[in-house]
Each structure stands twice: as structure tokens, then as C-alpha cells.
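# Residue-level structure breakdown
Spelled out, the chains give:
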Amino acid sequence: MTRAAGELNLALDYDFTLFDTARFSTDLWQEVARLTDIPLAQAAADGEGFHADPVLGGYDYEKHMAAYGLESAAMWAVLDDVVRSNDYLYEDSAEFVQVLRAEGYRPYILSYGVMPYQRAKIVPYIGKLAGASDERRNTGPDLGYTIILRRKGEYIAEAYPGARGALVDDVANQILPEGFVEIHIDRSLELTSPQEKAGGFVVANLAQAQHVIRSL
Ligand SMILES: [Mg+2]
């Protein structure tokens, strides 16, 4: 079991999978609105328009803030303050990662987006996700993370040719390579158990994702 678990390439999406991006974005834009005197609704609406990639999407925070005249130091300070003075992990995220690791799995975060913005959201929570004793200092067992600006299926196929694995993600139909199972998490569903679909499963929470992973 442990050997098989360690051999499974286990990619975990971050935004909307481990991290409550909707709640975070609202808080972030609230602070930005306060700093710039731009109404929250306006900041939120504008935010939807700054894409890192015209097809794949992804929020371009730096461009958005620059449009308001916020300088680099100020935009990163406000983000850092929001991230560090709240907890945006879902209730089941840290336990999910820690139980997997305790069972011999080696999950890693595979996140789509712009590097500095994604890193600013991910790094402060690595310690908590991995179960470090001093979670805010990010000490103890580290948890790998990879930030990409391309399709996850393409990245996995190139980075891990021939591997067997799974991707847990709130976005469905990622077109994963042969040998990979898609575990689509949709927290709005009220499923009592994972549901099979073409190429994988649909789950309503991370406990159900864990159930699927154990069965692989
Ligand atoms: Mg996501």
C-alpha cells in the first residue's frame, strides 16, 4: 500500500480546491477599495477583466492594481496582509493533505496562474497544509507546489511521462494523459459518495476525494 501510494503522482489544484478563492478575492478587493477609494463592486468587476491568458484565464493582479495606480510595494503589502490575517483554507483541506501524507502519498500543489500572485496565496499556507508545528513559519515537512501558465494535462504529460496519478481540481474535463484519473471536486453538490464519470470521478468534498485516491 505504502509503495503504491508513493508511486501515485498526486496533483492537487489550489484555488477553489484547497483555498477559498472567492472569499479571499472579496476580502482582497475590499482592502483595495478602501486604499484606492474605488467602490468594492467596481474593483470586483474590474478584477474579472484582467486575465493572464486570453483563453486559459487566470487573474492578473499586478495589471489590475497598476491600473489603479497602486505601486508594487503597496499592492503586495495589502495582499500579504489579507492572506496572513485570515485563514482561507477550506475546513477539510489541511486534514486531507496530512492524512494523505501519513498514508504514504506524496501530494503536491499544481496551480494555474501568474507566479507571484499564486505564490503569495500558497506559500503562507504550506506549513498549515503540511501540518508543520509552527504553521506560520512554514517549518517542518514542506509540501511541493508548482505554478504553471498552461493546461495541466499538457504539463503533467510532459513533466511525468508514463506516470500513474490523479488530479483533484474544481475545474472539470482537464484532458489528462493516459494513466491519470480526474477527481473533479464540486462543493456545491450534495453527493453521499463519489460518482464515476468518463475519465474519473466527481466528488463533493475532499473526504470523498480521499476515498477515490485510496481506491486507485
Ligand atoms: Mg481551481
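Please refer to the structure higher up on the page.
Quick caveat: nothing in here was measured; it's all calculated off a predicted structure. Numbering of residues begins from 1 in every chain and follows the order in which that chain's sequence is written. pLDDT decides what is reported in this predicted model: residues at 70 or higher carry local features, side-chain atom pairs at 80 or more are listed and counted, and totals for whole chains, interfaces and linings draw on all residues regardless. Hydrogens and waters are ignored; side-chain quantities use all the structure's heavy atoms.

Another aspect to go through is the packing of helix α2 (residues 21-36) against helix α5 (residues 72-84). Axis separation between α2 and α5 bottoms out at 10 Å; the angle between their running directions is 135°. When the interaxial angle is binned, α2 and α5 end up oblique. Viewed along their axes, α2 and α5 form a crossing whose handedness is right-handed. Along its contact with α2, which presents Phe 24, Asp 27, Leu 28, Glu 31 and Leu 35, the element α5 presents Val 78, Leu 79, Val 82 and Val 83. Across the contact of α2 with α5, the residue classes break down as 7 nonpolar, no polar and 2 charged. Helix axes are fitted to C-alpha atoms over the stretch in contact, other axes to C-alpha atoms as well, and angles between N-to-C directions run from 0 to 180 degrees. Helix numbering and strand numbering both begin at the N terminus, where a helix is a DSSP run of H or I of at least 4 residues and a strand a DSSP run of E of at least 2. Small angles under 35 degrees read as roughly parallel and large ones over 145 as roughly antiparallel, with 65 to 115 read as roughly perpendicular and the rest as oblique. What makes a crossing left-handed is the near helix being turned counterclockwise from the far one by less than a right angle; a clockwise turn instead makes it right-handed. Between two residues, a contact is recorded if the distance between any of their heavy atoms is within 4.5 Å. Under this grouping Gly is polar, as are all residues other than the nonpolar Ala, Val, Leu, Ile, Met, Phe, Trp, Tyr, Cys and Pro and the charged Asp, Glu, Lys and Arg.

Metal-coordinating donors are taken as N, O and S atoms lying within 2.8 Å of the metal, or within 3.2 Å when the metal is Na, K or Ca; because water is left out, some sites can appear incomplete. Taken together, the protein ligands of the magnesium ion are Asp 13 (OD), Asp 15 (O) and Asp 170 (OD), with distances of 2.1 Å. Burial status follows relative accessibility: with a 1.4 Å probe on protein chains alone, a residue under 20% of its type maximum counts as buried, one over 50% as exposed, and anything between as partly exposed. With relative accessibility at 12%, the residue Asp 15 sits in the buried group.

Quick look at the sheet that holds strand β1 (residues 9-12) now. Strand pairing is assigned whenever DSSP identifies at least 2 bridges connecting the two strands. Within the open sheet, the 7 strands sit side by side as β5-β4-β1-β6-β7-β9-β8. Their pairing is mixed. Only two strands of the sheet have a single neighbouring strand rather than two, namely β5 (145-148) and β8 (195-197). Sheet twist, expressed as the average angle between the axes of neighbouring strands with direction ignored, equals 25°. Here β1 pairs with strand β4 (residues 108-112) via 2 bridges, running parallel. Bridge pairing links Leu 12 to Ile 109 in β4. On top of the sheet, helix α7 (residues 115-130) reaches β4 and β5; it is set at about 165° to β5, its chief contact.

The next thing to look at is the packing of α5 against α7. Helix-helix packing is described using two parameters, namely the angle between the two axes and the distance between the axes. Between α5 and α7, the shortest axis-to-axis distance is 10 Å and the interhelical angle comes to 30°. Comparing the axis directions of α5 and α7 gives the class roughly parallel. Crossing angle aside, the handedness with which α5 passes α7 is right-handed. Facing α5, whose interface residues are Trp 76, Leu 79, Val 83 and Arg 84, α7 presents Pro 116, Tyr 117, Ala 120, Lys 121, Pro 124 and Tyr 125. Each residue belonging to the contact of α5 with α7 can be placed in one class, and the counts come to 8 nonpolar, no polar and 2 charged.

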